[in-house]
Amino acid sequence: MYIQIDEIRNAPAQKLRINFEDTIKELDENNPIKADITFTLLGNIITATGRIQGKIKSTCVRCLKEFNRNIDINLNEKYMLGNLFNGMDGEIELKENNFLEELGDKKEIDLEDLIYQSVILNSPNQIVCDINCVGDEMLEKYVKKEISDPRLDIFKNIKLEKDK
């Protein structure tokens, strides 16, 4: 689904509210994602604010089983009409307000890509099915176990006498 920039420009107070409910193939083909997003045009900056909710299929890093994971993300993205650094040469120091996506000469915003990127960027690095998941027996052989040096076994049996 694409949002035309002219739709935002022609909306009352240049605010366009979109309710999205559909599946996104790259996230999960079976579970729909719900998003309530408001696009606001301020000069040459478009802000996309809202909330993304739903379930997506994930794989546990410990047991490698697939499971459905709930997502609830607050969205705050900025787009710029045209190019931010047009005509600038050399190195440029990025400041807080420079983190936005340049639309260049595009006439539309890909809503599914916006939702996909927000979900991926807000996902944890290590996704587990349960906080108590210990993994699978098949993975146990790859887990490093404590190996003791047999030459040091003699020290295990040392008994120290306390001062009398």
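Bear in mind the structure is a predicted one, so any value in this text is a computation, not a measurement. (Residues numbered from 1 in each chain as written. Predicted model: local features only at pLDDT ≥ 70, side-chain atom pairs only at ≥ 80, totals over all residues. Heavy atoms only, no water.)

1. Some points on the layout of surface pockets
Its boundaries defined by the atoms lining it, the largest pocket holds a volume of some 160 Å³. Secondary structure elements with two or more residues in the lining of the largest pocket: β4 (45-59) and α2 (111-121). Per-element accounting of the lining of the largest pocket gives the leading share, three residues, to β4. Looking at the lining of the largest pocket residue by residue, the class counts come to five nonpolar, two polar and three charged. (1 Å grid on protein atoms, 1.4 Å probe; cavity = no way out; pocket = protein on both sides within 12 Å on 5 of 7 lines; lining within 4 Å. Points joined across faces, edges and corners; volume = space filled by probe spheres on them. Helix = DSSP H or I, 4+ residues; strand = E, 2+ residues; numbered from the N terminus. Nonpolar A, V, L, I, M, F, W, Y, C, P; charged D, E, K, R; others polar.)

2. Considering the pattern of salt bridges
Taken as a whole and assessed by the stated rule, the structure comprises three salt bridges. Residue aspartate 6 pairs with arginine 9 through a salt bridge whose shortest N-O separation is 3.0 Å. In this pair, aspartate 6 and arginine 9 both sit in helix α1 (residues 5-10), three residues apart, roughly one turn of the helix. The exposure class assigned to arginine 9 is partly exposed, which follows from its relative accessible area of 37%. Taking the shortest distance from any N to any O, the salt bridge between arginine 17 and aspartate 36 comes out at 2.5 Å. In this pair, arginine 17 is assigned in strand β2 (residues 15-24) and aspartate 36 in strand β3 (residues 28-42), connecting sequence segments 19 residues apart. Classification of aspartate 36 as partly exposed rests on a relative accessible area of 26%. (Salt bridge = Lys/Arg side-chain N within 4 Å of Asp/Glu carboxyl O. Buried < 20%, exposed > 50% of the residue type's maximum accessible area, 1.4 Å probe, protein only.)

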